[in-house]
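Coordinates in review
Below, each chain spelled out in residue letters.
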Amino acid sequence: MRWTKKSCFEHYGVKPKNLRWSWSGRSDDGKTVAVQFWKDRFTNGGRVYASASHSGEERWFGSAGHNELIENLICARDNCDGLVRVIIGIAKDTNAEPRETDECYPQEKMIMKITYFDESTKEFVLERIG
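For the structure given in this document, a descriptive report is provided here. (Residues numbered from 1 in each chain as written. Predicted model: local features only at pLDDT ≥ 70, side-chain atom pairs only at ≥ 80, totals over all residues. Heavy atoms only, no water.)

1. Let's talk about the overall build of the protein
Of regular secondary structure, the protein possesses two helices and seven strands. Secondary structure elements in the protein, listed N-terminal to C-terminal, are α-β-β-β-β-α-β-β-β. For 130 residues, the compact-globule formula gives about 14 Å, and the C-alpha radius of gyration of the protein, at 13 Å, lands near that figure. Principal-axis analysis of the C-alpha atoms gives the protein an extent of 35 × 35 × 30 Å. For the protein, with 130 residues in total, the buried portion stands at 39%. Across the protein, every contact between residues at least 6 apart in sequence was considered, and the portion connecting residues at least 24 apart equals 60%. Working note: accessible area of the protein is about 7300 Å², and carbon and sulfur atoms make up 46% of it. Across the protein, the 20 positively charged side chains and the 20 negatively charged ones have centroids separated by 5 Å. (Helix = DSSP H or I, 4+ residues; strand = E, 2+ residues; numbered from the N terminus. Rg over C-alpha atoms; globule rule 2.2 N^0.38 Å. Buried < 20%, exposed > 50% of the residue type's maximum accessible area, 1.4 Å probe, protein only. Contact = heavy atoms within 4.5 Å. Areas by Shrake-Rupley, 256 points an atom, 1.4 Å probe, with all protein chains shown as cover. Lys, Arg positive; Asp, Glu negative; His and termini not counted. Charge placed at Lys NZ, Arg CZ, Asp CG, Glu CD.)

Printed below as a string of structure tokens:
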């Protein structure tokens, strides 16, 4: 099966604000948050995902998708014990800015927990727990 962003979000029962630019979504009751993470940006053998470092000049930083991601991470922190469901995204071009998704799929057996989150800088780290 070839997954779409829409089918990935639906798989977890979450709704993004806009399928075109959303990287994350949450359920109506706020009990589930799912985020698309870039496959090539996992570290530590696929166990850690950290926000990309930025200069503030990047087009994605502060974009609608980025702002929604931060809102959804706050929701996960406050309502989901910091737990996030994972959608793996593979970029068409890993050097593009901003990136476009070539393919994506839900990673059902992977659950990430927010271990660091700074609302002022928008930096975060998540670690795999399942």
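2. A few points about the nonpolar core
Grouped together as the largest cluster of nonpolar side chains are 22 residues, with contacts concentrated most on Phe37, Phe42, Leu73, Val84 and Met112. Of all the elements in the fold, those that place two or more residues in this core are β2 (33-38), α2 (64-79), β5 (83-91), β6 (101-118) and β7 (123-128). With five residues, the single largest contributor to this core is α2. Leaving out residues up to four positions away in the same chain, Val84 has contacts with Val33, Ala34, Val35, Phe37, Leu73, Ala76, Ile111, Met112, Ile114 and Leu126. Judged by nonpolar contacts, the second largest core, of seven residues, contains Cys8, Tyr12, Val14 and Cys104. (Core = buried A, V, L, I, M, F, W, Y, C linked by side-chain atoms within 4.5 Å.)

3. Focus on the pairing of β5
Across the nine residues of β5, seven count as buried, placing the element largely inside the fold. Bridge analysis of β2 against β5 gives five bridges, and the strand direction is parallel. Pairing of Phe37 across the sheet is with Ile88, part of β5. Looking at chain direction, β5 and β6 are connected through eight bridges and run antiparallel. (Pairing = 2+ DSSP bridges.)

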